[in-house]
Amino acid sequence: MAMTLLPPAPDVCQCCAVDHDPEQPHNKDSLYYQYWFYAQHGRWPTWRDAMEHCSFEVRAIWATALLQRGVDLDKP
């Protein structure tokens, strides 16, 4: 069985298909992003992957917010 992802709308992020500021992380939980990332890297994305293009400051803010919600970026 094959699956085809349709391209995202032109007015949203072309990596995660979500409308977000380019300086912010991709939506790791976006189905489009998960399959797009898997096709590129052969593994499922992590929050670190979703934040890779972000500045140090943005990554630090997101890491703190995720930790407050029980998501530890240092645990597999």
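Heads up: these notes are all about the structure in this document. (Residues numbered from 1 in each chain as written. Predicted model: local features only at pLDDT ≥ 70, side-chain atom pairs only at ≥ 80, totals over all residues. Heavy atoms only, no water.)

1. Some thoughts on the packing of aromatic side chains
Remark: the centre distance and the inter-plane angle together describe each pair of aromatic rings, the angle taken between the planes.
Here is step 1: Applying the stated rule across the entire model yields five aromatic pairs.
Here is step 2: Centroid distance Tyr33 to Phe37: 5.8 Å. Interplanar angle 50 degrees. Geometry classified as tilted. With a gap of four residues between them, Tyr33 and Phe37 both fall in helix α1 (residues 31-41), about one helical turn apart.
Here is step 3: The class of Tyr33 is buried, set by a relative accessible area of 1%.
Here is step 4: For Phe37, a relative accessible area of 4% gives the class buried.
Here is step 5: Taken together, the aromatic side chains of Tyr33, Trp36 and Phe37 make up a single cluster linked through ring pairs. (Phe/Tyr/Trp six-rings, centres within 6.5 Å; stacked < 30°, edge-to-face > 60°. Helix = DSSP H or I, 4+ residues; strand = E, 2+ residues; numbered from the N terminus. Buried < 20%, exposed > 50% of the residue type's maximum accessible area, 1.4 Å probe, protein only.)

2. A few points about unusual backbone geometry
Here is step 1: You will see that Ala17, though not glycine, has its phi angle at about 65 degrees, which is positive.
Here is step 2: Among the secondary structure elements, Ala17 is positioned in the segment before α1.
Here is step 3: For Ala17, a relative accessible area of 32% translates into the label partly exposed.

3. Topic: α1
Here is step 1: Taken together, the buried positions of α1 are Tyr32, Tyr33 and Phe37. All buried residues of α1 lie within an arc of 120 degrees about the axis, which places them on one face of the element. Those residues of α1 that are exposed and angled more than 90 degrees off the buried face are Leu31 and Ala39.
Here is step 2: Considering only its buried residues, α1 is in contact with α2 (47-50).
Here is step 3: Gly42, located one to two residues past α1, shows a positive phi value of around 70 degrees. (Arc of directions from axis to C-beta. Contact = heavy atoms within 4.5 Å.)

4. Quick look at the side chain of Ser30
Here is step 1: Along the chain, the position of Ser30 falls in the segment before α1.
Here is step 2: In terms of polar contacts, Ser30 uses its side chain to reach the backbone carbonyl oxygen of Cys16, at 2.6 Å.
Here is step 3: Setting aside residues up to four positions removed in sequence, Ser30 forms contacts with Cys16 and Val18. (Polar contact = N/O pair within 3.5 Å; in protein donor to acceptor, adjacent residues only side chain to side chain.)

5. Observations regarding helix α3 (residues 56-68)
Here is step 1: Here α3 spans 18 Å end to end across 13 residues, near enough to the 18 Å set by a 1.5 Å rise per residue.
Here is step 2: In the stretch just after α3, Gly70 is the one whose phi turns positive, near 90 degrees. (Expected span 1.5 Å × (residues − 1).)

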